[in-house]
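# Examination of the molecular architecture
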Amino acid sequence: MTKRVAEAVAQGTKRVPGITVELKKAESATAKSAVAADGYAFGSPSHFGIMSGKMLTALTDLYSVRLKMAGKPMAVFTTGTGGQVTALENIERIIGIFNPTFVKPGIAIETVPGRASPWAIDKVQSADLGERLAKAVAKRARTSGTGPKTRLGEGRS
Ligand SMILES: Cc1cc2nc3c(=O)[nH]c(=O)nc-3n(C[C@H](O)[C@H](O)[C@H](O)COP(=O)(O)O)c2cc1C
């Protein structure tokens, strides 16, 4: 489910010219690849009412490069069957160490297997989040002279 949302967010970024996106699982996102990006969407399922352990590990690994990620646009999305809002708040609190340009509101999507109609709405919201992130990246590139790229971190169970 989180992967589906990540893909929809990635689709949304393509509405902004010049943006390229990489989808990465939390366990395959390295500090080096993260530093190279100009913006980020962090996504995670809710596990036991909080973000996934893999996303926490990924964010912990990024602590060492926090100054190189500072100020960049960051968005958050989560999925869950009730704990998704808490998971979103977990990630937003932790990524505060990057002093990011927050792309808010993030999205906390309720996972309801087999319900096609709400997913259609969620998909629209996810793409909208991606577009908002991409616009923030493009805006920052215009003002700071850096090239626009986004990188998506996707937390998996
Ligand atoms: C180990 C585990 C623990 C979970 N704990 C919670 C929870 O505490 N609260 C919640 O809302 N959903 C919980 N869920 C459900 C997932 O958050 C939900 O199904 C999520 O959308 C799955 O995303 P995924 O398909 O990307 O793994 C749990 C799922 C797993 C596998």
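Refer to the preceding data block for the structure.
This report concerns the structure included in the present document. Everything numeric in this text was worked out from a predicted model, so none of it was measured.

## Re the overall build of the chain
Across its full length, the chain holds six helices and seven strands. Starting at the N terminus, the α and β elements of the chain follow one another as α-β-α-β-β-α-α-β-α-β-β-α-β. Taken over C-alpha atoms, the radius of gyration comes to 14 Å for the chain, in line with the 15 Å a tight globule of 157 residues would show. Projected onto its principal axes, the C-alpha positions of the chain cover 45 × 30 × 25 Å.

## Overview of the pairing of strand β6 (residues 107-110)
Looking along a regular strand, one sees the side chains alternate between the two faces of the sheet. In β6, alternate side chains face the same way, and those of Ile-107 and Ile-109 are buried while those of Ala-108 and Glu-110 on the opposite face are not. Where strand β4 (residues 73-80) and β6 come together, four bridges link them in parallel fashion. Opposite Phe-77, over in β6, you have Ile-107 as the bridge partner.

## With respect to helix α5 (residues 84-94)
Regarding α5, the residues found buried are Gln-84, Ala-87, Leu-88, Asn-90 and Ile-91. Looking down the long axis of α5, one finds its buried residues gathered within 155° of arc, a one-sided arrangement. On its buried face, α5 sits against β2 (40-47), β3 (50-51), α3 (53-62), β4 and β6.

## Details of the environment of Ala-75
Structurally, Ala-75 can be placed in strand β4. Put simply, Ala-75 and Arg-15 are 60 residues apart on the chain and 16 Å apart in space, counted from C-alpha to C-alpha. The residues touching Ala-75, leaving out its near neighbours within four places in the chain, are Ala-41, Val-103, Gly-106, Leu-129, Arg-132 and Leu-133.

## Regarding the site of the ligand
Contacts to the ligand come from 17 residues, most closely from Thr-2, Pro-45, Thr-79, Gly-80 and Gly-83. Among the elements that line the shell around the ligand, the one with the most residues is β2, at three residues. Residue composition of the shell around the ligand, by class: three nonpolar, twelve polar and two charged.

## Thoughts on helix α1 (residues 2-13)
In this model, α1 (twelve residues) spans 17 Å end to end at C-alpha, consistent with the 16 Å of a helix rising 1.5 Å per residue. Buried within α1 we find Thr-2, Val-5, Ala-6, Ala-8, Val-9, Ala-10, Gly-12 and Thr-13.

## Observations regarding the environment of Lys-54
Turning to its location among the elements, Lys-54 is positioned in helix α3. For Lys-54, a count of 21 C-beta atoms within 10 Å gives the class buried. Considered as a pair, Lys-54 and Gly-71 are 17 residues apart in the sequence and their alpha carbons are 24 Å apart.

Calculation rules
Residues numbered from 1 in each chain as written. Predicted model: local features only at pLDDT ≥ 70, side-chain atom pairs only at ≥ 80, totals over all residues. Helix = DSSP H or I, 4+ residues; strand = E, 2+ residues; numbered from the N terminus. Rg over C-alpha atoms; globule rule 2.2 N^0.38 Å. Buried ≥ 20, exposed ≤ 12 C-beta atoms within 10 Å, placed from the backbone. Pairing = 2+ DSSP bridges. Arc of directions from axis to C-beta. Contact = placed C-beta atoms within 7 Å. Near = placed C-beta within 6 Å. Nonpolar A, V, L, I, M, F, W, Y, C, P; charged D, E, K, R; others polar. Expected span 1.5 Å × (residues − 1).

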